[in-house]
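Structural features, examined
Spelled out from the first residue to the last, the chains are:
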Amino acid sequence: MNESILLIPVLLPLIAGLAVLAIRGPVRLAREVVTLVVMLANLGLAIYLFGQDLTFVHPWAGVWGGIAMEMALRVYQFSGFILLAVAGFSLLVALYSWKFMADRSYGNQYYGYMLISVAMVNGAVMADHLVVLLFFWEGLLLTLMGMIAIGTKDAWKTAIKAFIIVGVTDVCLMMGIALTGWLAHTLRMSEIAAHPLSLAGLGSVAMIFMTIGAISKAGSMPFHSWIPDAAIDAPLPFMAFLPASLEKLLGIYLLGRITLNLFALTTESWVSTLLMIIGAVTILLAVAMALVQKDYKRLLSYHAISQVGYMILGIGTALPVGIIGGLFHMINHAMYKSCLFLSGGAVEKQAGTTDLARLGGLASKMPITFTCFIVAAAAISGVPPFNGFFSKELVYDGALERHWIFYAAALLGSFLTAASFLKLGHAAYLGKRDPANEGVKEAPMAMLLPMIVIAAGCVLFGVYNPLPLHYLIQPILGEHRLEGHDFAGLPANWMLVAATVLVLAAALVNHLVGVKRSGSGLGAADHIHHAPVLSTIYDWAARRFFDPYDIGMAIVRGLSLFLWGIDRFIDWIYDSFIVTLTTGLGWTVRLAHTGNYSLYIVWSLVGAAAIIAFLMRIL
Amino acid sequence: MLAVFVPTLGAFVLPLMASAPRLRNALAFVFVLAALVGSLALVPTVLSGRTVDVRLNLPLGLNFVLHADGLAVFMAIVSSLLSTIIVLFSTGYIRHYDYQNEYYLMVVLFLGAMMGLVYAGNLILLYVFWEITAIASWRLIGFFREKQHVIRADKAFLVTVFGALAMLLGFVGVYVQTGSFDLEAIRTTLKAAPLGTLAVVLILAGILSKSATLPFHTWLPDAGVAPSPVTALLHAAVLVKIGVYVFARLFIVTFTITPECHTAILWVAAASALVSAGAAMIDTDLKRIIAYSTVSQIAFIFLGLASGTVIGIAGGLLYILMHGIAKGGLFLCAGIVEQNTHTKDIRQLGGLLKTMPITAIAFLFCALSVMGVPPFGGFFSKYMVLSGAVESGQWWIALVFVVGAFMTIVYLLRLFNMIFLGDLKKEAKEGSPVMVACVAVLAVLALVSGILISPSAEFARTAVQQMLGTGQ
């Protein structure tokens, strides 16, 4: 078995991507065909590699003080699974883009960046060496920026915002990796995994830095604020492609590796508690923002943030049930969220807008899109028997075992999630149809097919959940960590299920009340939006008082002004102080030069006396 | 030793060719190229672990020693490579201005002195070449002869020369302690006991003033009034690296100093990185921002070198290479922008991506390399420097530098954003083909040096082994 096959998932899309970037002019379908063929080949390769355990090592950037920088790639259970998922989503999004991007300019850039992104993600997933991981991981920055920037006219502002946020957290990851390598005396993940680092002392510092990188890629708070902006500015399939699926997979994959392989995370550790707090806060704040959005894409983008909270919460519990739940939720989320974004794209393409106020009544015009939407929305809301239900139950289970407050937060999050999707579905697909939308038709097959496939997957992973759990997720932890548990099948704790059902019912009641009070599906959440206190906070949020990016930039600016002041002070010393001092000194000395001969004689005698005195002392 | 003499002596030939500008330009290019070729020819020898010495004993116990080891050759290649590109760029840029004879004389002389400094085997020789570079840069900064420019040139000269005088006193201190100016002899003597603190501080003052590090840094942004190829040459490729090089040569290879001094250097570098990054964020002059960025990045190099770990020192060396390429590219791009828009105020610029696409992309590539984004070369050097700092046990200092790296990302993107994106505020066309080709080459180099990291990493490793005396 030749291990260098592991280079193909990186090199093939990379070369194809560069080639597509170079295609110009009237060869219209060339880039689409190249992209699809490469994505298909990539999927085939991922299927072939799945289940194998291969390691490829090649010298790379030298050996430094005993730590080698090697190009080390490894496929095993976990990375093989992510590789497979990445390949699947990329293929579907590429297929979808065939029609969606057909009449857009920048097509060659779009497909080129897409292919290169796949190469980078594949590389990062397969990396067995932390610097290799970082190399591909940060390489994604470029395509991320590029894909956002080719959107609307002002999209480059968002692109720069995304670049700064992700770039800064990547530097944190770099710091984390440097610390980890120093503590572990190796940078090979498989070697560290044999003896995970203890969280005592610097270990937790290293872990925090690495975690910042991981959860930022996944889009967790407080590194999220570019995502809603990108939802508006970037081409829509991009949202389904990077923030909704590939980056989630990558970020949570790394978080999984950090907690499972690199560091010995235990329930007693404060890092575990910190992760759970981040998770819970992300769930609540993001979903609260999602609830009041009036745009299809923007609403979804807040959910893309909120759902990460469940994964981090689950993995942060450091309990097998929570970790399994978090990882299961990762793959489930990638499915239903990309399906939801794709449905949004279908609506945008057909109706020409994603503004909910101008949508409505599309269900009869776009029945297949609507059905896919319902399946995915039910899955994200945690309605049984769809996949999201099962993974959320596992996360709940883990959260409750740690502390009821985390469970309560997660449950409240589910309530709001369900409420906002009832609102979204109602406003977009039901209710009164805008006269402008009378002529809307169902989306073309190339766009429907990916949605149908993913929606079917949501049902399959729910109804027959032993398939993903037994074959994909539980082997990641391995028998010794599972301690004989099997999390497939129906949830173990029926009390939790009852609570979930109760919450969903409450969400439905809440929705009906809201519709009744406001008279439309769009206004279904208005009574929460305009509630006392909440309305003020929402108002501040709408005016971007809470955007961590803006706050961070303000701090940076303040700090810079201070530092600049120091710089100016130093410059003043050179430009004014020294000059004044020198001229002042010269002026003082000149005063002594009066031209008076007898005075000069006195000076000379005093000087001579001083010299003699000095000589006498040292002799 | 061709590398030293051809440019140094050749420089004085150039003004004689004033009547034939093309010949003069070609000769200047050839002289600089000779330095590059001469240094490249030494690569196989050095890679095999040997060193080359030229020794000429003079009366009064002085001697003339040139010494080529991995560090010297590495540094020589970096500076002569960049100088070659910069001289080529100059042929497009300086055409429009007077005093071209002086320009080529000074640039080539500068490079020759640089070569001499790099290969110098004793302290006095090193000092002599050091001062020649100061004189050449003084003339080049004041090149346009406006009053303000001349004052700025004086400022740069005075700051660096006072630094150099302090350094000379430090050298005397070294002589008092060891009885020699010869680097090899000093190295052997100082193995026993570390160098006295006073001498260390004096020499450091010289190095920091040359390398534009806090608190001696403000002459560098002010020197931005010089013609763009000059600022690129001075700031990025050569001048500021002189200090760094001498630091590596003296404090790592030759002297033994106390750990307290090492820590103090790290703190100075950390302060320098932050203060200049802050200034880069606030300033609105295109070239001043890039100059502040240089100050900030130089501090990263000091961080790597002063960490005392193998990976940190090698990272520092690679940083010299990567930063030289990328920052040279940035300055040359700035030169194109400045020449075609007649302004350096970034508030008056914008939207140039449309009219100067190649320059814009080259600028972006170089900026990305400075930020340390893979697959650009800057990624490796930044990681290695950081890793070296962590490994030396000073991880809290590494944290300061992480903040510096944040700010690097922010201010460089701000700069790119203000110049090339947004609404077009000032019509401008692309620069002349030879100038655009030069920045494109640098941008591609920034990329290639990252993708093909192995050769330069291998070279840096050999150099570090020689420096620490572990490889032979």
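Residues numbered from 1 in each chain as written. Chains lettered and ligands numbered in written order. Predicted model: local features only at pLDDT ≥ 70, side-chain atom pairs only at ≥ 80, totals over all residues.

**What to know about the overall build of chain B**
Looking only at helices and strands, one finds 21 helices and 2 strands in chain B. Relative to the globule expectation of 23 Å for 472 residues, the C-alpha radius of gyration of chain B, 21 Å, shows essentially globular dimensions. For chain B, the C-alpha atoms occupy an extent of roughly 65 × 55 × 40 Å along the three principal directions. By sequence separation, contacts in chain B at least 24 residues apart represent 81% of the contacts at least 6 residues apart. (Helix = DSSP H or I, 4+ residues; strand = E, 2+ residues; numbered from the N terminus. Rg over C-alpha atoms; globule rule 2.2 N^0.38 Å. Contact = placed C-beta atoms within 7 Å.)

**Comments concerning the nonpolar core**
Counting residues in hydrophobic clusters, the biggest one holds 425 residues, and the most contacted among them are A376(A), A410(A) and F401(B). Counting residues domain by domain, this core receives three or more from each of domain 1 (1–257) and domain 2 (258–472) of chain B. Ignoring any residue separated from it by four or fewer positions in sequence, one finds A376(A) in contact with Y336(A), C339(A), L340(A), A455(A) and C458(A). (Core = buried A, V, L, I, M, F, W, Y, C linked by C-beta atoms within 7 Å. Buried ≥ 20, exposed ≤ 12 C-beta atoms within 10 Å, placed from the backbone. Domains from an automatic or database assignment.)

**Side note on the environment of L469(A)**
Residue and element names in this part refer to chain A. Its place among the elements puts L469 in helix α18 (residues 466–477). Considered as a pair, L469 and A488 are 19 residues apart in the sequence and their alpha carbons are 6.0 Å apart. Excluding residues within four positions of it along the chain, L469 makes contact with F328, Q474, F487 and A488.

**Some remarks on the domain arrangement of chain B**
All names here are of chain B. With domains assigned, chain B is organised as domain 1 (1–257) and domain 2 (258–472). Counting residues at the interface gives 43 residues for domain 1, matched by 49 residues for domain 2. Broken down by element, the side of domain 1 that touches domain 2 gets its largest block of residues, 13 residues, from helix α4 (residues 70–93). For the side of domain 1 that touches domain 2, a count of residues per class yields 29 nonpolar, 12 polar and 2 charged. (Nonpolar A, V, L, I, M, F, W, Y, C, P; charged D, E, K, R; others polar.)

**Considerations on the interface of chain A and chain B**
Taken together, the contact between chain A and chain B spans 40 residues of the former and 43 residues of the latter. A total of 14 residues in the side of chain A that touches chain B trace back to one element, the largest contributor, which is helix α6 (residues 155–184) of chain A. By residue class, the composition of the side of chain A that touches chain B is 30 nonpolar, 6 polar and 4 charged.

**So, helix α4 (residues 107–126) of chain A**
For α4(A), spanning 20 residues, the distance from its first C-alpha to its last is 29 Å, which sits close to the expected 28 Å at 1.5 Å a residue. Counted residue by residue, α4(A) has 17 buried out of 20 residues, so it is predominantly covered. (Expected span 1.5 Å × (residues − 1).)

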